Amino acid sequence: MSMKFLSCNEASKFLTNQEKRDESYFMTLLKVVESTMGLYYSYDTDITLNLQRRFKLADGWMSKPIWKQADPRFVWNRNILEELIEKKVDGFIIPLIQGSFQTGLLKLKNSPATVTLISRRCTRRLGTRMWRRGANLEGDTANFIETEQLLEFEGARISFLQKSTCLQIRGSIPLLWEQIVDLSYKPRLNIIDHDQTSKVVERHFNDLCQRYGDILVADLTDKNGDEGRLSMAYAAEMEKLQKIRYVSFDFHHSCGNSNFDNIELLYDQVAEDFEKQGYFFIGKEGEVLSEQKGIMRTNCVDCLDRTNVTQSFLARKCLNSQLQRVGIFSSTDCISMFSEDFEIFKNLWVDQGDEISLEYSGTHALKRDLVRYGKQTMAGMIKDGISALSRYYLNNFQDGIRQDAIDLISGRCDVNTSRPSSAQLNGFETFSYIPVASALLIGGLTVTSITLNQVGVAGRNAQTIVSSVICAGVTAGLMAVVKSNGRQICSKPRLCRLI
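Residues numbered from 1 in each chain as written. Predicted model: local features only at pLDDT ≥ 70, side-chain atom pairs only at ≥ 80, totals over all residues. Heavy atoms only, no water.

A. Spatial organisation of the overall build of the protein chain. Scanning the protein chain from terminus to terminus reveals 18 helices and twelve strands. Put simply, the protein chain has 499 residues, and 49% of those count as buried. Element-wise, carbon and sulfur atoms account for 55% of the exposed surface of the protein chain, whose accessible area totals about 24400 Å². (Helix = DSSP H or I, 4+ residues; strand = E, 2+ residues; numbered from the N terminus. Buried < 20%, exposed > 50% of the residue type's maximum accessible area, 1.4 Å probe, protein only. Areas by Shrake-Rupley, 256 points an atom, 1.4 Å probe, with all protein chains shown as cover.)

Next comes the structure, spelled out in structure tokens:
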């Protein structure tokens, strides 16, 4: 619910002036870390592992302390725990995951079932929306999240507790690419030309295959503009991987203008492979009745809005199949026929999408109405507009510091007093330009509006008209200067490189 860092270092009294400036910046970053959202923990269950993987671990492994069982990919506070691990104080070592945890109770024909959504964010390429895109050279991708939909049911028609899970993953397109903020609403997307590109893609999917089995990829990016270039580059690399099935689906083209039903066109393409992957199922005696043999990897550009809509649709298909299997549903029943339960299910996915989006972009998810109502509403469009403007502001003027905070707490930036700090070497106070640029623009627009108003009052006074034209020209020139220096004005990370 909250977090607080306490300074225990008396040596801070003897710092040099530069070290004091660095320390002040690092303390600012820790204040940012204290407001980190979406952190979860458990005292008695390892929530970093999905049910199928946890169930297959040996009994001896499960008797170990929780932090030793944990999947290091999803331990958000691993760097903070290092010294405690070194000292072997197991009782104080509690792994945190960042992601989402949502749960709801479905009534389902008097056979109650609990649906839980657990999303786990990978820590290997942590960051903010614009400062962590694509993959690094090791093949780790930004905004990589494993989502587990856990179904537990017990009721009048089922006299024992059964569990079933369905896993999906999302993650940024595993190429080397960037989209540096520059005050544009939609900055240019740059695909980095690197001789390791194919190796990066191969490393990424080799890792996924080892962990999850067969991989089915759904790419939801547009086929035009910058997204189109990125999608083409992705498709070209995927052609080299014979064992991975890649499906390209232009979500905006097919499902735009409230044509959400067209998501069925994507499902028609992937249904056979998706259903063949199956789901994990535990029977009444605790025996494994079925395992999930593969996984669906979905992406758009941000892996937020379009991805969440698509994953919720696939999760609904899986839920129907699970409920039909245990006899709660007939072969013709589906969750959408039970309005109260369907509303609960949709809200779980909306809330999960919001939480994941807040962690990565700083705002609620867009296109929430598509999940909740199957179409866009006017109120939803207004909320999307507000969220889009908020993203613009945060991405341009806040996320540089937020990225530094993430790099500091995750250990990607190593603070060492024996050498100049990363803050000193890699950056300068870009945020000091923001008030200056804002003051110049606001001042220019104010003077221009005043002189234009005087023109209206004074009629055709040539001197006033000339003054207005000059002021308008100066203001336009200032705007052009600000725009051309957008990258210098925007907040950018100072501690680590992008890749």
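B. Up close: the pattern of salt bridges. Under the definition given, this model contains 29 salt bridges. Residue Arg-124 is joined to Asp-207 by a salt bridge in which the shortest nitrogen-to-oxygen separation is 3.8 Å. On the criterion of sequence distance, the pair formed by Arg-124 in the loop between strand S3 (113-121) and strand S4 (145-155) and Asp-207 in helix H6 (residues 197-212) is long-range, its members being 83 residues apart. Arg-124 gets classed as partly exposed once you look at its relative accessible area, which sits at 36%. For Asp-207, a relative accessible area of 22% gives the class partly exposed. Ionic contacts of the salt-bridge type, sharing partners, join the residues Arg-53, Asp-71, Arg-73, Arg-120, Glu-146 and Glu-148 into one network. (Salt bridge = Lys/Arg side-chain N within 4 Å of Asp/Glu carboxyl O.)

C. Inspection of the packing of aromatic side chains at higher detail. Scanning the entire structure with this criterion turns up twelve aromatic pairs. Residues Tyr-40 and Phe-101 carry aromatic rings whose centres are separated by 6.2 Å and whose planes lie at 40 degrees to one another, so their mutual orientation is tilted. With a gap of 61 residues between them, Tyr-40 in strand S1 (residues 39-40) and Phe-101 in strand S2 (residues 97-106) connect regions that are remote in the sequence. Tyr-40 gets classed as partly exposed once you look at its relative accessible area, which sits at 22%. Its relative accessible area of 41% is what places Phe-101 among the partly exposed residues. Look at Tyr-234 and Tyr-246: their rings are 5.2 Å apart centre to centre, the planes differ by 75 degrees, and that puts the pair in the edge-to-face class. Placement of the pair is Tyr-234 in helix H7 (residues 225-238) and Tyr-246 in strand S9 (residues 245-248), with a sequence separation of twelve residues. Under the relative-accessibility criterion, Tyr-234 is labelled buried at 0%. The structure contains a cluster of three or more aromatic residues connected by ring pairs, namely Phe-260, Tyr-267, Phe-274 and Phe-313. Here the basic side chain of Arg-494 rests over the ring of Tyr-25, its NZ or CZ set 4.1 Å away from the ring centre. (Phe/Tyr/Trp six-rings, centres within 6.5 Å; stacked < 30°, edge-to-face > 60°. Lys NZ or Arg CZ within 6 Å of the ring centre and 35° of its normal.)

D. Representation of the packing of helix H9 (residues 263-277) against helix H10 (residues 305-325) in the model. Taken N-terminus to C-terminus, the directions of H9 and H10 make an angle of 50 degrees; their axes are 11 Å apart at the nearest point. With respect to each other, H9 and H10 are oriented oblique. The interaxial crossing formed by H9 with H10 has right-handed handedness. Contact residues: H9 offers Ile-263, Glu-264, Leu-266, Tyr-267 and Phe-274, while H10 offers Thr-310, Phe-313, Leu-314 and Lys-317. For the contact of H9 with H10, the per-class residue count stands at six nonpolar, one polar and two charged. (Axes fitted to C-alpha atoms, helices over the stretch in contact; angles between N-to-C directions. Parallel < 35°, antiparallel > 145°, perpendicular 65-115°, else oblique. Left-handed = near helix turned anticlockwise from the far one by under 90°. Contact = heavy atoms within 4.5 Å. Nonpolar A, V, L, I, M, F, W, Y, C, P; charged D, E, K, R; others polar.)

E. Layout of the pairing of S3. The buried count for S3 comes to eight of nine residues, which makes it a mostly enclosed element. Here eight bridges tie S2 to S3, and the two strands are oriented antiparallel to one another. By the bridge assignment, Leu-105 is partnered in S3 with Thr-114. Hairpin remark: S2 followed by S3, antiparallel, with six residues in the connecting loop; positive phi at Leu-108, about 45 degrees. (Pairing = 2+ DSSP bridges.)

F. Geometry of the packing of H10 against helix H11 (residues 339-360). Direction vectors running N to C along H10 and H11 enclose 145 degrees, while the axes themselves pass 10 Å from each other. Between H10 and H11 lies a crossing of right-handed hand. Counting all contacts with H10, which are made through Asn-308, Gln-311, Ser-312, Ala-315, Arg-316 and Leu-319, the residues of H11 involved are Phe-342, Phe-345, Trp-349, Gln-352 and Gly-353. Tallied by class, residues from the contact of H10 with H11 come to five nonpolar, five polar and one charged.

G. Geometry of a nonpolar patch on the surface. Taken together, Met-378, Met-381, Ile-382 and Ile-386 make up a surface patch of nonpolar side chains, about 430 Å² in accessible area. Relative to the elements of secondary structure, Ile-382 occurs in helix H13 (residues 378-397). A relative accessible area of 48% means that Ile-382 is categorised as partly exposed. (Patch = residues over 30% accessible without salt bridge, like charges linked within 9 Å, V, L, I, M, F, W, Y side chains within 5 Å.)

H. Structural detail: the side chain of Asn-143. The residue Asn-143 is located in the loop between S3 and S4 in this model. Take Asn-143: its relative accessible area is 3%, and that puts it in the buried class. A distance of 2.9 Å separates a polar atom in the side chain of Asn-143 from the backbone oxygen of Asp-302. Residues contacting Asn-143, with those up to four places away along its chain left out, are Arg-121, Arg-125, Arg-170, Gly-171, Asp-302, Cys-303, Leu-304, Ile-356 and Tyr-360. (Polar contact = N/O pair within 3.5 Å; in protein donor to acceptor, adjacent residues only side chain to side chain.)

I. Geometry of the confidence of the model for the protein chain. Confidence in the prediction of the protein chain, expressed as mean pLDDT, is 87, and 86% of residues score 70 or more. Residue range residues 155-159 is modelled with pLDDT below 50. Its contacts to residues more than four positions away, or to other chains, number nine contacts. Across residues 427-432 the pLDDT falls below 50, and counting only partners more than four positions away or on other chains, this stretch makes 13 contacts in the model. (pLDDT = per-residue confidence, 0-100.)

J. Quick peek at the environment of Pro-72. Within the secondary structure, Pro-72 sits in the loop between helix H4 (66-69) and helix H5 (78-86). With 25 residues separating them along the chain, Pro-72 and Ile-97 place their C-alpha atoms 9.9 Å apart.

K. Main features of the nonpolar core. By size, the foremost hydrophobic cluster in this structure holds 44 residues, and its most contacted members are Leu-108, Phe-251 and Ile-263. Secondary structure elements with two or more residues in this core: S3, S4, strand S8 (214-219), helix H8 (251-255), H9, H10, H11 and helix H12 (368-372). If one sorts the elements of this core by residue count, H10 sits on top with seven residues. Contacts of Phe-251, omitting those with residues within four sequence positions, involve Leu-220, Gly-256, Ile-263, Arg-306, Val-309, Thr-310, Lys-367 and Leu-370. In terms of nonpolar packing, the next biggest core, distinct from the first, is built from 26 residues, Leu-167, Tyr-212, Tyr-246 and Val-301 among them. (Core = buried A, V, L, I, M, F, W, Y, C linked by side-chain atoms within 4.5 Å.)

L. Here's a closer look at unusual backbone geometry. For Lys-88, which is not glycine, the phi dihedral falls at a positive 60 degrees. By relative accessible area, which is 70% here, Lys-88 ends up exposed. In this structure, Asn-110 is a non-glycine residue whose phi angle is positive, near 65 degrees. Along the chain, Asn-110 turns up in the loop between S2 and S3.

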